[in-house]
Amino acid sequence: MHSYTYPYHEIYVKRVAESLGFRHVSLSSALTPMVRAVPRGLTATVDAYLTPVIKEYLSGFVSRFDEGLGKVNVLFMQSDGGLAPENRFSGHKAVLSGPAGGVVGYSQTLFGLETEKPLIGFDMGGTSTDVSRYAGHYEHVLETQIAGAVIQAPQLDINTVAAGGGSKLKFQFGSFRVGPDSVGAHPGPVCYRKGGELAVTDANLILGFVIPDYFPSIFGPREDQPLDIKSTTEAFEKLSKEINSYRLSQDPSAKEMTVEEVALGFVNVANETMCRPIRQLTEMKGHETKNHALACFGGAGPQHACAIARSLGMKEVLIHRFCGILSAYGMGLADVVEELQEPYSAVYNSESIMETFRREAILVQQIRSKLMEQGFRAEHIKTDMYLNLRYEGTDTAIMVKKPKDEDYAVEFVNLFQQEYGFKLQNRKILICDVRVRGVGVTNILKPKTLEFASTTPKVEGNYRVYFINGWQNTSLYKLENLSYGHVLEGPAIIMNGNSTVIVEPKCRAIITKYGNIKIEIIESNLTAGKVSAKVVNVVQLAIFNNRFMGIAEQMGRTLQRTSISTNIKERLDFSCALFDPDGGLVANAPHVPVHLGAMSATVKWQLNYWGKNLNEGDVLVTNHPCSGGSHLPDITVVTPVFDNKKLVFFVASRGHHAEIGGITPGSMPPFSKFIWEEGAAIKAFKLVENGIFQEEGIVKLLQFPMSDQPNHKIPGTRRIQDNLSDLHAQVAANQRGIVLIKELIEQYGLNTVQAYMKYVQVNAEEVVREMLKSVAVRLSSEPSDLNNRNTVTIEEEDYMDDGSTIHLKLTIDAKQGEACFDFSGTTPEVYGNWNAPEAVTSAAVIYCLRCLVDIDIPLNQGCLAPVKIHIPLNSFLSPSDKAAVVGGNVLTSQRITDVVLTAFQACACSQGCMNNLTFGDKTFGYYETIGGGSGAGPAWDGTSGVQCHMTNTRMTDPEIFEQRYPVLLHRFGLREKSGGVGFHRGGDGLVREIEFRRPVVVSILSERRVHAPRGLKGGENGARGVNYLITKDRRRVYLGGKNTVNVKAGEILQILTPGGGGWGSPS
């Protein structure tokens, strides 16, 4: 902990390890001296894993030279886009070195030379597709996640968005699906002659986008045969029969799709699947995608360039002459880079900035020395200085490059507003790190210009290529025989060494003076008017699924970007969704599971309440459980959207506000008995009316909660400015969704968009029905008997720690694919706060159904169409509007999930709790949920130390936790052997020990302290959770599952979270 500023204990451990014979020791403090223990530790782990392997490879590489490298200057590419000599090359900086070469390649040869527009790099190969951005400078990130490992080091901001040409093609439940699984390089696509499965490359071959005549004969078991068009055609014919059979079963008048139409459908779906994350990655930073040019490279990228650009609204595509090997070419354009960074924690002011200048000067001198040692002259060395800055009270730091006027603060404020859409007034700016990046300019490669064309373009041949309007005779050209100024009207094929460039109809290719290809998109929309609203198109169904889900995800990005609170911006405790005009859920981005499907009840309640009193420019706000809410901290903002004064859809966002009043700081009181004790409760209010934000009204509701007890005054919110900022962010997120849906309506028409809102729900319904049919057969002990009675019935129950019962009678109709979840027999409303609104139970059921469906379907109202949920009124799953409910959302939801999954015999019980911890005083409040063990299943062990089921929010990093709050984290690790024993073992819980450095009020709201998480099929139960307070005189006091305690300075809270149940007898 804190080795970024105090590295001596790590240095001592290194000495001990080296004395024991370890040849390589990675120190986190040396690799990345930045605050945040978890990513720094993972970075050191990645480096320790990779560097010895890389060093061994380099040693073998060097040994092949007669005298070693001697005076040969061999440089290696790093993830940050710079080169490094062998002795400074390490594993944690090499993970993205290949894609980084591509970014350097297109940025240095296209931007400023071929276009002034910012570029989006689109690198599509056989097994992956990477996306990046360049607008005059490299966009670096200091932290990224690759294959589950967080790496904290300067890297180019490159994101893998798809599986590339190897993405698998499937037709499932009436919809085309592309990826995310890949056929890989071996066996590869069908056309590789190695027994592979259909992939995007096969579809391109069918359409004529891949020309076998120009592919080498390297396929088949002996790698001596050409691409196999025959087997690919046969595989597509088989798949086409399956697709047409399904379409005829749905619509007897449906016209059969040809093999080519099926292949083009898959390519269109693949393109939209890739466009979705490109939009997110660009627009989450505040940039409009359509204002960019697409820099396309990689073996498969130029085949999709025109279609991708069209879908993104771009007008210009640039393809480098060496696009098939641009990553390698980019390495020759890269410069040698040296970086140094050191932590410096201070408030930004005139004194501290002078200290940073002093430190910068020292680091600059060290970097210059390192580069001069490598042979660079002073005039070939450039240095850039940076400060890592953040606002006080946030974790969002921005690495700010030193501006010309040396005023880092102004630059930081501008960058923060560009990135997040707002400024924070009256907040101190904090300095976190000082960084210097030195560049030794290599000038190894320089672009060459071509002479202007003196002849017409030479046609090498003519091929038939299938586009949206059918087969077209298409001329093929070789780039090597084209010259500057040649213009090729689409359709056309340009063979460019290792890549095939497809110039689609209504596009124009121009050869530039540097020999690159510039494609102008003449007509940007070729699909409008071609999509029928009356009959579902199986290709468009997949595309609309992607578009709807992408809109919900972009709303979430906007909310995260523009919010201010830790809960929303960093813990990601929010959800966004869009709804049809009746309030039916169309798409819910996979944010927080406990919100899934629950917002539909909120929207429908508001629609019923306001009726015709909804107008354009209105935005609604609510958080009351009786109006479809979950618990009071979850505030929902709903925006109705009109077209020609007709209500056409809704968008909504729900975010957990860390403070909305109530009897304890953090608004999560363990002992609340009535709803008003938990804070401000809003059934219905127009947050925005006729376009005007009603600040006075919402402030009054939040600061002066209503109580049914006149003499019992309930405290209002303790963080009103944070509430207002986050509400503004939710309004902005909704507005983003509106803009995106209106763009969709402009492209396809209102009738078509609304029709597909229904079609995607019908598709999800079909998938759930098929799942329920298969589950009924699996659960029935006598399948032959099941055929006679069609139904299977299972009863399951579990208990809250006070003894209240959740009883479920699950009846599944195997013939119709329907299920009834009957919670009759559940305990009445409790005199406590673990009552759960009906929306919470619906969310738990839809979450379980989604888990049981093993394909990617959108979360929408269709998932619940074949399901009936009966909840007895006045039970603690359907309480009165006066009942306390804060624990229902975070505790009871977990128990409902365990009961439902146990009824389906899907897995053993997980920890069944969110272990809610809040602490604070009059000046601050803190809230977190703590993970535990997940239940084991029929083919897997449970996961240890993880957020389970109904929550997936982040934990605050231990160093940030100690830095920002008056605490010391003594222990945070796995609670060994707490998972239930079984053939598959349950996951272990966690141990968390926190010492408080000043008096605070601590509240714990937890479950599974009495009733253990149950095992299944003979597996043993997981361990129960325990909460202790260790006093200053070292007494250990048992706190129970729910308690509030005034903690003194020096006292320690110890939380042991439950383990998951085991599956199957250990024997």
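Scroll up to find the structure.
Residues numbered from 1 in each chain as written. Predicted model: local features only at pLDDT ≥ 70, side-chain atom pairs only at ≥ 80, totals over all residues. Heavy atoms only, no water.

**Student:** Provide a residue-level description of helix α12 (residues 538-562), including the pertinent values.
**Tutor:** An α-helix turns once every 3.6 residues. As a result, residues three or four positions apart point the same way. Compared with the 36 Å implied by 1.5 Å per residue over 25 residues, the 37 Å span of α12 between its first and last C-alpha is a close match. Among the 25 residues of α12, 23 are classified as buried, and the element is accordingly described as predominantly covered. (Helix = DSSP H or I, 4+ residues; strand = E, 2+ residues; numbered from the N terminus. Expected span 1.5 Å × (residues − 1). Buried < 20%, exposed > 50% of the residue type's maximum accessible area, 1.4 Å probe, protein only.)

**Student:** Tell me about unusual backbone geometry, and please be specific about residues and values.
**Tutor:** Between G490 and the following residue, P491, the backbone shows a cis peptide bond with an omega angle of 10°. Tracing the chain through its elements places P491 in the loop between β21 (487-489) and β22 (492-496). In the Ramachandran plot, N690 falls in the positive-phi region, its phi being about 55° despite a non-glycine side chain. Along the chain, N690 turns up in the loop between β31 (685-689) and β32 (692-693).

**Student:** Lay out the sheet that holds strand β38 (residues 925-929) with the relevant residues and their values.
**Tutor:** Reading across the sheet, the four strands line up as β38-β37-β41-β44 and stay open at both edges, with antiparallel pairing between neighbours. Each edge of the sheet is formed by a strand with only one pairing partner; in this case those strands are β38 and β44 (1042-1047). With strand direction ignored, the average angle separating the axes of adjacent strands in the sheet is 15°. In the sheet, strand β37 (residues 916-920) pairs with strand β41 (residues 1000-1005) via five bridges, with the strands oriented antiparallel. Across the sheet, residue L917 finds its bridge partner in β41, namely I1004. Lying over the sheet, helix α20 (residues 886-903) contacts β37, β38, β41 and β44, oriented at roughly 50° with respect to β41. (Pairing = 2+ DSSP bridges. Axes fitted to C-alpha atoms, helices over the stretch in contact; angles between N-to-C directions. Contact = heavy atoms within 4.5 Å.)

**Student:** Give me the lowdown on the pairing of strand β12 (residues 175-182), citing residues and values where you can.
**Tutor:** Relative to β12, strand β11 (residues 167-172) runs antiparallel, the two being bridged by five bridges. Each bridged residue has a counterpart across the sheet, and for Q172 the counterpart in β12 is S175. Counting the residues between successive antiparallel strands, the hairpin from β11 to β12 contains two residues, one of them, F173, with a positive phi of roughly 50°.

**Student:** I'd like a description of the packing of aromatic side chains, backed by residues and values.
**Tutor:** Evaluation of the coordinates by the stated rule reveals 34 aromatic pairs. Measuring from centroid to centroid gives 4.8 Å for Y391 and F416, while their planes differ by 85°, and the two rings are edge-to-face. Taken together, the residues span a long stretch of sequence, with Y391 in strand β16 (residues 381-391) and F416 in helix α11 (residues 408-420) at a distance of 25 residues. We note that Y391, like F416, is buried. (Phe/Tyr/Trp six-rings, centres within 6.5 Å; stacked < 30°, edge-to-face > 60°.)

**Student:** Go over the packing of helix α16 (residues 720-748) against helix α17 (residues 750-779) with me, naming the residues and quoting the values.
**Tutor:** A packed helix pair is summarised by two numbers, namely the angle formed by the two axes and the spacing between the axes. In the contact formed by α16 and α17, the axes pass within 7 Å of each other and the chain directions differ by 115°. For the pair α16 and α17, the contacting residues are L744, I745 and Y748 in the first and L750, T752 and V753 in the second. Its residues assigned to classes, the contact of α16 with α17 comprises five nonpolar, one polar and no charged. (Nonpolar A, V, L, I, M, F, W, Y, C, P; charged D, E, K, R; others polar.)

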